Amino acid sequence: MASIQCIACPVEEIGHWRELYRQEMNCQIVHDSFCARPGWVRAWQFFVDGVAVGYGSLVVAGPWQNAPTVYEMFVLPHFRCHAFTLFETLLSASQPVGIEVQSNDSLITVMLHAYAREIKTQSILFHDCRTTSLAVSSATIRRLENTEGFAEAGEWIAEVDGEIAAKGGVLFHYNRPYGDIYMEVAENFRRRGLGSYLVQELKRVAYQSGNVPAARCNPANLASRRTLQKAGFAPYANLLAGDL
C-alpha cells in the first residue's frame, strides 16, 4: 500500500504546481488571486511514497476568515488513482468547514460531490465564443477620464442623447490574460439592448489590449444571462460551494 502524506508548506512552495494547474485549466480561474494576498492561503503538498505529487489549498481570510475553505487541488495525472485518499488526508490535516470549486475543474469537483453537503451554485461563468455586431440607435461609448485605478482598462460609459445610460469595465483580478467584464444599465434605459451593446464593446477593449474577455453572473439573474449571451458569451462552468 502506498504511503500518503499531506505536509503544510509556505504558499511560495506551490508556485510551480500552480503553473501546472493553470496550464491544465486553460481558462479564467475565479480565485486565482488568493495566493498573491498575504495571509489569505494555507497550502499543503501531497506526497506518495515520498514523492511530491501536487498540492491542496485553503482560503482563510476575507469572507472566509472564520470558515477555512478548500478551493484548489492539483495532483499529477499519473497519481490521481490516489485522489480520494490524498483529499481525505488534506481534510484531516487542515480541518476545513467548506469547499468551493469551478465545475470545469474536474478533479476537485468530484471531491465536492463525494464529500460535501448543501451544495449551491454561486455563479455562472462565461467565455467568449462569438463576435457580434450589435448597435443601438443614438448610443455612443466612451472611456471616462481618471479611472485607471478603478479598472486597468478604465471605466466606460454608454450615452444616449448625452445622458449616461450604462457603465462598465474590465477587471483583471483573475489569471492573465483573462479579464472580467462588468456592467450596469440605468433603470430607465433597460430593455433597449444597451447592456449587450456595452458588453460587446468591452470585449473589443479587452482584445485590443491583448487580453481575453470573460464574465460571470448570479444564476438567478436571467437578465444578465441573456445580456451576456446576446453579446457572444457562452456559459461553460459554475462556481459551486458546499459544507464539509
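One structure accompanies this document, and this report is about it. For clarity, every value in this text was computed on a predicted model and none was experimentally measured. (Residues numbered from 1 in each chain as written. Predicted model: local features only at pLDDT ≥ 70, side-chain atom pairs only at ≥ 80, totals over all residues. Heavy atoms only, no water.)

1. With respect to the nonpolar core
- F126, L194, L228 and F233 are the most contacted members of the largest nonpolar core, which totals 26 residues.
- Every element with two or more residues in this core is listed here: β6 (117–128), β8 (155–160), β9 (163–171), β10 (178–185), α4 (194–208) and β11 (212–217).
- With seven residues, α4 is the largest single contributor of residues to this core.
- In this structure L228 touches F126, V199, A215, R216, C217 and F233, once residues within four positions along its chain are discounted.
- If you look at the next biggest cluster of nonpolar residues, it comprises 24 residues, including V70, I99, I108 and M111. (Core = buried A, V, L, I, M, F, W, Y, C linked by side-chain atoms within 4.5 Å. Buried < 20%, exposed > 50% of the residue type's maximum accessible area, 1.4 Å probe, protein only. Helix = DSSP H or I, 4+ residues; strand = E, 2+ residues; numbered from the N terminus. Contact = heavy atoms within 4.5 Å.)

2. Considering the side chain of T109
- In this fold, T109 is placed in helix α3 (residues 106–115).
- Polar side-chain contacts of T109 include one of 3.1 Å to the backbone oxygen of Q102.
- Not counting chain neighbours up to four residues away, the residues in contact with T109 comprise V101, Q102 and S103. (Polar contact = N/O pair within 3.5 Å; in protein donor to acceptor, adjacent residues only side chain to side chain.)

3. Focus on the packing of helix α2 (residues 83–94) against α3
- Where α2 contacts α3, the two axes come as close as 11 Å, and the packing angle between them is 70°. One element, α2, and the other, α3, form an angle in the roughly perpendicular class. Here α2 runs over α3; the crossing is right-handed. Mapping the contact onto sequence places A83, F84, F87, E88 and L91 in α2 and L107, V110, M111, A114 and Y115 in α3.
- Residues that form the contact of α2 with α3 fall into these classes: nine nonpolar, no polar and one charged. (Axes fitted to C-alpha atoms, helices over the stretch in contact; angles between N-to-C directions. Parallel < 35°, antiparallel > 145°, perpendicular 65-115°, else oblique. Left-handed = near helix turned anticlockwise from the far one by under 90°. Nonpolar A, V, L, I, M, F, W, Y, C, P; charged D, E, K, R; others polar.)

4. As for the packing of aromatic side chains
- The full count for this structure, using the stated rule, is seven aromatic pairs.
- Taking 5.5 Å as the distance between ring centres and 40° as the angle between the ring planes, the aromatic pair formed by F34 and W40 counts as tilted. Pair check on accessibility: F34 and W40 agree, each one buried.
- Relative to Y71, the ring of F34 has its centre 5.2 Å away and its plane inclined at 70°; by these criteria the two rings are edge-to-face. Within this pair, whereas F34 is found in the loop between α1 (15–25) and β2 (41–48), its partner Y71 is found in strand β4 (residues 69–75), the two being separated by 37 residues in sequence. Like F34, the residue Y71 is buried in the burial classification.
- Through successive ring pairs, a cluster of aromatic residues spans F34, W40, W64 and Y71.
- Here R37 stacks its cationic end above the ring of W40, 4.5 Å away from the centre of that ring.
- Stacked on the ring of F233, the Lys or Arg K203 has its end atom at 5.5 Å from the ring centre. (Phe/Tyr/Trp six-rings, centres within 6.5 Å; stacked < 30°, edge-to-face > 60°. Lys NZ or Arg CZ within 6 Å of the ring centre and 35° of its normal.)

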